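Letter by letter, the chains look like this.
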Amino acid sequence: MSLLNTIIGKASLPKVAFVVCALCLPLKPAYACMRLNEPLDISICVAGTSWELREDKADSTLFYNTEDGFAGSLRFFDGGTDDGVESERAARLMAQSDSKESQDFALLKSGKVSSGNYVYAARGSVNGRSNIYVNTISVGPTKTLRITTWRIGDTMSDKDREMHIAFGNLLKTGL
């Protein structure tokens, strides 16, 4: 008789069901949702998606979606509405900074959305490669969050918008 048969023979049905369900959990459950900012209680949940963590620096968290050819990053900045920061001005300052890092920066679209966040899309070349970037700037009371997605390309498409929204939807609070 195998070890499993011995265990099942001596255990009740609820215990067996619990063990079987526990075996169904991810082997690395910490990667299912990863806390990004503890004071703000913000996590990102990439389990079951094509996004994966590639790099975690002190000021930015980088993800890749090789299936769709996109990358995404999340970056928190000190300062928020309590400090007089507002999303449109913060986005303008970030776009100016982006333009200094790119050889041919071009703002493609920008505007405030119903949530109060400011979204802008741009094209820029880095190391001779043209990229399309979509950014959401979200300003809270004490912190500002920048969500960026990008891919190699020259022209913006509906897929850029869709992937940016999908990446943003991975963010969760209250986990």
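Coordinates for the structure precede this section.
Structural notes, computed from the coordinates. Everything quoted here is computed from the prediction, not taken from an experiment.

So, about the nonpolar core. One finds Leu36, Ile44, Trp51, Phe63, Leu74, Phe167 and Leu171 to be the most contacted residues of the largest nonpolar core, which totals 16 residues. The element best represented in this core is strand 5 (residues 70-78), accounting for three residues. In contact with leucine 36, not counting residues within four places along its chain, are Ile42, Ser43, Ile44, Thr61, Leu74, Phe76 and Leu171. Ala90, Ala91, Tyr118 and Ile137 belong to the second largest nonpolar core, which has eight residues in total.

Before going further, it helps to spend a moment on the packing of aromatic side chains. This model, assessed by the stated rule, comprises three aromatic pairs. Here the aromatic rings of tyrosine 133 and tryptophan 150 are separated by 6.2 Å at their centres, their planes lie at 35°, and the arrangement is tilted. In this pair, tyrosine 133 sits in strand 8 (residues 129-139) while tryptophan 150 sits in strand 9 (residues 143-152), placing the two residues 17 residues apart along the sequence. Joined through ring pairs, the aromatic side chains of Trp51, Phe63 and Phe167 make up one cluster.

Within an α-helix, residues lying three or four positions from one another point in the same direction, as the helix has 3.6 residues per turn. Inspection of helix 4 (residues 158-168) places Asp160, Met163, His164 and Phe167 among the buried residues, and these make up the whole buried set. Angularly, the buried residues of helix 4 cover 105° about the axis, an arc narrow enough to put them on a single face. Opposite the packed face of helix 4, turned more than 90 degrees from it, sit the exposed residues Asp158 and Arg161. In this fold, the buried residues of helix 4 make contact with strand 2 (42-45), strand 4 (61-65), strand 5, strand 8, strand 9 and strand 10 (171-173).

Within the secondary structure layout, glycine 124 lies in strand 7 (residues 118-126). A C-alpha to C-alpha distance of 8.3 Å links glycine 124 and aspartate 98, two positions 26 residues apart in sequence. Ignoring sequence-local partners within four residues, the contact set of glycine 124 consists of Ser102, Asp104, Phe105, Arg129, Ser130, Asn131 and Tyr133.

In total, this model carries six salt bridges according to the counting rule given. Notably, a salt bridge pairs arginine 35 with aspartate 41, separated by 2.6 Å at the nearest N-O pair. The class of arginine 35 is partly exposed, set by a relative accessible area of 38%. Taking the relative accessible area as the measure of exposure, aspartate 41 reaches 26% and is therefore partly exposed.

Scoring rules and cut-offs
- Along each chain, residues carry numbers from 1 onward, in the same order as the chain's sequence is written.
- For a predicted model such as this one, the threshold for reporting local features is a pLDDT of at least 70, and the threshold for listing and counting side-chain atom pairs is 80 or more; totals across whole chains, interfaces and linings nevertheless cover every residue.
- Working from all heavy atoms in the structure, the side-chain values ignore hydrogens and water.
- Among the buried residues, those of types Ala, Val, Leu, Ile, Met, Phe, Trp, Tyr and Cys that are joined through side-chain atoms within 4.5 Å form a nonpolar core.
- Throughout, exposure labels follow a simple rule: accessible area from a 1.4 Å probe, protein chains only, divided by the maximum for the residue type, with under 20% read as buried, over 50% as exposed, and the rest as partly exposed.
- Helix and strand assignments come from DSSP, with helices taken as H or I runs of at least 4 residues and strands as E runs of at least 2, each series counted from the N terminus.
- Two residues qualify as a contact provided that any one of their heavy atoms is within 4.5 Å of a heavy atom in the partner residue.
- Any two rings among Phe, Tyr and Trp, with Trp reduced to its six-membered ring, count as a pair given centres within 6.5 Å; such a pair is stacked if its planes are under 30 degrees apart, edge-to-face if over 60, and tilted if neither.
- The arc in question is traced by the directions running from the helix axis to the C-beta atoms.
- Every case where a carboxyl oxygen of Asp or Glu lies within 4 Å of a side-chain nitrogen of Lys or Arg is listed as a salt bridge.

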